[in-house]
Amino acid sequence: MKYSDLSTFIRPLPNTALDVIGDVHGEWEALQQLLHFLGYDDYGRHQHGRKLVFVGDLCDRGPNSPAVLDWVIQAAASENAFTIIGNHELNLLINDPKDGAGWYFDNRPQDEARFAPWQHYPAAQRRQLQETIAQWPLILQRDDLRIVHAAWLPESINKLLECSETSLVKQYHYWEDRFLDDFRNTQWYEPYQQEQRQLNKDLENEHYPMTFQAGTAHYDLLRSCHNPIRALTSGIQAITQQPFYINGRWRFTVRKPWWQQYTDPVAVIIGHYWRSWYGTGVAEHRKELFQEPPTHWLGQQRQVFCVDFSIGARWRERKKAIAVTDSQMHLAALRWPENIIMLNNGKYYHGERYL
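Keep in mind that this is a model prediction, so the values were computed, not measured.

**Student:** Please clarify how the overall build of the chain should be interpreted in this entry.
**Tutor:** Summing up its helical and strand segments, the chain has 11 helices and 13 strands in all. For 355 residues, the compact-globule estimate of 2.2 N^0.38 gives 20 Å, and the C-alpha radius of gyration of the chain, at 20 Å, lies within 12% of that figure. Among the 355 residues that make up the chain, the fraction classed as buried is 54%. Accessible surface, the chain as shown: approximately 16,300 Å² in total, 48% of it carbon and sulfur. For the chain, the separation between the mean place of its 37 positive charges and that of its 42 negative charges on side chains is 1 Å.

**Student:** Can you walk me through the state of the cysteines in this structure?
**Tutor:** Put plainly, two cysteines are in a disulfide when a covalent bond ties their sulfur atoms together. Applying the stated rule across the entire model yields 0 disulfides. Free of any disulfide, Cys59 has its nearest neighbouring cysteine sulfur in Cys306, separated by 17 Å. Residue classification places Cys59 among the buried positions, given a relative accessible area of 0%. No disulfide involves Cys225; its sulfur sits 18 Å from the nearest other cysteine sulfur, which is in Cys163.

**Student:** What is the right way to look at the sheet that holds strand β5 (residues 139–142) in this model?
**Tutor:** As a general point, the strands of a sheet are linked pairwise by backbone hydrogen bonds and lie either parallel or antiparallel. Spatially, 5 strands are ordered β1-β5-β6-β9-β10 in an open sheet, and the strand pairing comes out mixed. A single partner strand is all that each edge strand has here, and the edge strands are β1 (10–12) and β10 (304–306). The sheet shows a mean angle of 20° between the axes of neighbouring strands, taken without regard to direction.

**Student:** Whenever I open this one, the packing of aromatic side chains confuses me. Can you help?
**Tutor:** We describe a pair of aromatic rings using the distance from one ring centre to the other and the angle between the two ring planes. Inspection of every chain in the model, using the stated rule, returns 23 aromatic pairs. Judged by centre distance (5.0 Å) and plane angle (80°), the ring pair of Trp277 and Phe309 falls under edge-to-face. Placement of the pair is Trp277 in the loop between β9 (267–270) and β10 and Phe309 in the loop between β10 and α11 (314–319), with a sequence separation of 32 residues. For the pair shown, Trp277 and Phe309 are each scored as buried. Among the aromatic residues, ring-to-ring pairing joins Trp277, Trp297, Phe305, Phe309, Trp336 and Tyr349 into one connected group. We note Arg126 situated over the ring of Tyr104; from NZ or CZ to the ring centre the distance is 5.4 Å.

**Student:** Explain the sheet that holds strand β12 (residues 340–343) to me, please; I cannot follow it from the model alone.
**Tutor:** Here we have 6 strands laid out as an open sheet, ordered β4-β3-β2-β11-β12-β13, and mixed in their pairing. Sheet topology places β4 (81–83) and β13 (348–350) at the edges, where each strand pairs with a single neighbour. Ignoring which end each strand starts from, the neighbouring axes of this sheet average 25° apart. Summarising the sheet, β12 and β13 pair through 3 bridges and their orientation is antiparallel. Bridge pairing links Ile340 to His350 in β13.

Here is what the cut-offs are and how they apply
- Residues numbered from 1 in each chain as written.
- Predicted model: local features only at pLDDT ≥ 70, side-chain atom pairs only at ≥ 80, totals over all residues.
- Heavy atoms only, no water.
- Helix = DSSP H or I, 4+ residues; strand = E, 2+ residues; numbered from the N terminus.
- Rg over C-alpha atoms; globule rule 2.2 N^0.38 Å.
- Buried < 20%, exposed > 50% of the residue type's maximum accessible area, 1.4 Å probe, protein only.
- Areas by Shrake-Rupley, 256 points an atom, 1.4 Å probe, with all protein chains shown as cover.
- Lys, Arg positive; Asp, Glu negative; His and termini not counted.
- Charge placed at Lys NZ, Arg CZ, Asp CG, Glu CD.
- Disulfide = S-S within 2.5 Å.
- Pairing = 2+ DSSP bridges.
- Axes fitted to C-alpha atoms, helices over the stretch in contact; angles between N-to-C directions.
- Phe/Tyr/Trp six-rings, centres within 6.5 Å; stacked < 30°, edge-to-face > 60°.
- Lys NZ or Arg CZ within 6 Å of the ring centre and 35° of its normal.

What follows is the structure, given as structure tokens:
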């Protein structure tokens, strides 16, 4: 298969030096700082012809998702920047409100207490925003580099070819319907239904003494890999026997480090996984993801780099009045092909690819 045949979902990167920026999550101030240290002007132009690439998850949780999105959209229109869809943009497109999306969706008053003050997106402009984001690809690539939000999964890319639908939203729903049909034929369908009825709102209650729910766990497990769009933007999962609460609901599956099986010679840059720059304060369910220091590439061949350093959790520090200068969360960029990591505080480091 030639991935170039998937022009709706996979598009080419320019043959210039690149600055690949991790998940921004509405942190407009951090983005401005990083752009300054990278040498970009207010329009996303660079005097040496470099181009910006965003790995998705531009929005949610942070104080100014509208400013981030509007700036990236304008920079992309001028071909100064390129961006792909992350799971948070996908949620916006399919009208699926999730934790931290109250800046856009009006039915999440609980977000106002957690994340505000923040800027809301004007209701009159939301349809145009959706139409614009719906045109973004899932993958950007060239001969020496692949950019995807969560996981490079050839089997998921191949599944996209099975569907003739070129609308991302329509194809997403096509695969969701297929998943539901297949899940109904598994042994886990009835247990899942029973758990949903019995627990109901308790699945979103952080203080509920949750125990392992096998039906819900297998529902999440199969769903993570069945829908190719979901798999590429959220990654694949593995079942955990110890439930944990995060982002508004109880979880029974954990993110799986797919990069351990990646052996292609082409480098891949991802976001999504909430890497820690300092190696402290890492949630228990993420400790198995990253055994390497933050400057290191991942996988057996050291061909994958995660450029998400948890700026999406900066809102928690603001709630505790932790100053920006003392923050443990960073927005980062990987400069390619130089393999230099630049942080929004102006510090930079060489990426390590030694085996």
